[in-house]
Amino acid sequence: MISMPKISVLMPAYNAAKYLAAAIESILNQTFADFELIIINDGSVDDTESIILSLKDSRITYIKNEKNIGLISSLNKGIDIARGDYIARMDADDIALPERFAVQLRLLETSEADVVCSPVNFIDTAGEVTGVWDLDRKTISEKSIKQALPFHNCVAHPSVIIKAALLKKYRYNPDQKGSEDWDLWLRLIRDNYRIVKTPEVLLNYRSHSGSVTQTDNRKQPIEYKILEVRKKFIKSSFKKFAFNQTVLRCMYANTRTKGRIFKLNYLPRHLSFFKRLFTINPYTAITQYNQLKKGIVKLEPEILLVFPYSHVGGAERVHANIVYALKEKKPLVIFAGIHKETQYLKNFLVNGASVYNVGLALNYFITARSTKKIIEQKLKQNAKIKILGCNAFYFYELAKIFSKTHEVSELIHDYTFNKNDEWTIQNAHLLQALKYRIFISNRALQQACKLYDYLGFPGNSKEHLKWIVNCTSIPAERPHKNYANLKIVFIGRNAVEKRPHLVFKTIERIRKQTKEIQFSFVGDFDNQLIDGVTFYGVVYEKEKMLQILNAHQVLLLTSASEGFPMVIMEAMAHALVTVSTPVGDIPLHVTDDRGVMLDDSSEEAVVESTCRIILNMLNEKDQLEIMGMNSYQYAKENFSAERFRSDYLKLF
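This one's a predicted model, so the numbers in the text were calculated from it and none came from an experiment.

(A) Examining the sheet that holds strand S5 (residues 95–96) more closely. Strand order in this open sheet of four strands is S5-S11-S7-S8, and the pairing throughout is mixed. One side of each edge strand has no neighbouring strand; the edge strands of this open sheet are S5 and strand S8 (129–132). Two strands pair when backbone bridges link them, and S5 and strand S11 (residues 203–206) are joined in this way by two bridges, in the antiparallel orientation. When the bridges of S11 are listed, Ala-96 appears paired with Leu-203.

Structural data, given as structure tokens:
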């Protein structure tokens, strides 16, 4: 007589060869051994089958689908085959900890629960723990699980063990593809079945681009997916006349989600429309449109450059340098953002370039469509026109339209990998279609590599990632500095990420010890009456900026994040010593012989280390002069316009 196993383990596998062996091994090595492992190969075309067949263990039952029928159908097929008193779920890319079945079975039998799950740790493709699921950890008690489920799924599907008779009755709903587990939990708690969670972690959940969850999440924005799951659950509950608190809470949750979607996606759009309706000068928008329409006809550009703004800033200086580097390509420059300050526009008016500021025309409802049509018609007439853009919504519109017919490239000033960035995940196909993605910092490029690895892009896809360091004008000779008085300048926007408040704290503390040091600010700061502090405001004139740089010996930056700021290149070219937080690419260029990195472990640490370093400089002016000389020499060798121009011409 064949004995029945206590537990049936369901493991569907579709093209799972990369992690399958480790997942199976973690089940076979369980301390509780009375189970059958049902592996369902759902039409895989990789080495999934050969891996399964290579394992010789009597507890393995191998089922092969001749064609891919999907996760839900495979699970329901496994439920029909399962012989155990309990059914445990397991994914083909996760790792079950050795005590999983023993702990869960003990809790099932002592608590009289119907379902037992466990918290999970996230692991990466190498099996290293990368973090935890916050909602998972906040819902350990049975009560908290029941309260949370109508709003969010808080149960990790592959961590679950459930009474077989119950799962055979309820099964997985084919209409809830991608959320079949959440729908099951909702139906169970609606009908008063109990779901409990072990306090200890019993599963390592592998997060990678090829996982079913990640694949499904790319197909539809998560908020809309959540709405649809609850809607189907509510509808099915009404059909069964099963109306209770769980259903009511789902209805309330859907109302909240709809409100959130409207607030985040539609309200800003409507408010923006009305704002533009009443704030954009129609005459100016129409004038911009007419100027573009009249001027673009006679142009034969080899490259279209799409930038957001023409006001002064580090990004705009880079963009102006690109226009100058590519001037022989007769660039057509489009400014697509709405901005009032246009003083810096003259820096883009180089011989060979045609420049149009059409931000108002592109964003005013009367002229938007016709303005876009003019630009797009020009591109359709000539497929040889290359497109390069940065940080402009209209550039990404063009990229989606023309990436198959034109060479489209993107310039990135800074980037940090975030696996929850929905726009990037859903537009992954567009990233691969770009000819080049040009980064001004190596750190940002490495972050993009992490994204490509996460998305499962082939290795050669990274070949279009390019790192081009910006440039600045370099004086023919090292500027002469007066080191009799120590002068320190902060140059940057009055923005949260620049953390100027830390500079003010530093000045306040230093003033208590000495008044020998002079401080200056360049940027959008209000004039303040602070002894020994000069506020220059925003500086547009090149000559005035050069005077400021030559009058100071030290550049101070306290940013929380950066790529590689133009201001550092300009400062080094004028023999300033950089004192900065170690963010972005700054440590690559500002080494100990030409600058100092601050302690950035906390804001207080930034202030303390800044005070210490600056006070030491009062007594080390000879060393300061040597570091300034080294900075100038490094800038001369690495930040020249000739090198920058050569790098861009190689690509375009």
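(B) Up close: the sheet that holds strand S14 (residues 354–357). Pairing is parallel across the open sheet formed by seven strands, whose spatial order is S14-S13-S12-S15-S16-S17-S18. Edge positions in the open sheet fall to S14 and strand S18 (465–467), since each of these has one partner strand only. Each strand of the sheet is rotated relative to its neighbour by a mean of 20 degrees, with strand direction disregarded. Bridging between strand S16 (residues 408–412) and strand S17 (residues 437–439) involves three bridges; their strand directions are parallel. Paired with Glu-410 across the two strands is Arg-437, which belongs to S17. Contacting strand S12 (303–307), strand S15 (386–389) and S16, helix H16 (residues 393–402) crosses the sheet at an angle of about 150 degrees to S16.

(C) A look at unusual backbone geometry. Phi at Arg-171 is positive, roughly 55 degrees, even though this residue is not glycine. Of note, the phi angle at Arg-499 is positive, near 55 degrees, even though the residue is not glycine. Mapped onto the secondary structure, Arg-499 falls in the loop between strand S19 (487–491) and helix H20 (500–511). Since its relative accessible area comes to 10%, Arg-499 is described here as buried.

(D) Broad picture of helix H19 (residues 442–455). Taking 1.5 Å of rise per residue, 14 residues should cover 20 Å, and H19 covers 20 Å from first to last C-alpha, within 8% of that figure. Within two residues after H19, Gly-456 carries a phi angle of roughly 75 degrees, on the positive side.

Analysis parameters
Residues numbered from 1 in each chain as written. Predicted model: local features only at pLDDT ≥ 70, side-chain atom pairs only at ≥ 80, totals over all residues. Heavy atoms only, no water. Pairing = 2+ DSSP bridges. Helix = DSSP H or I, 4+ residues; strand = E, 2+ residues; numbered from the N terminus. Axes fitted to C-alpha atoms, helices over the stretch in contact; angles between N-to-C directions. Contact = heavy atoms within 4.5 Å. Buried < 20%, exposed > 50% of the residue type's maximum accessible area, 1.4 Å probe, protein only. Expected span 1.5 Å × (residues − 1).

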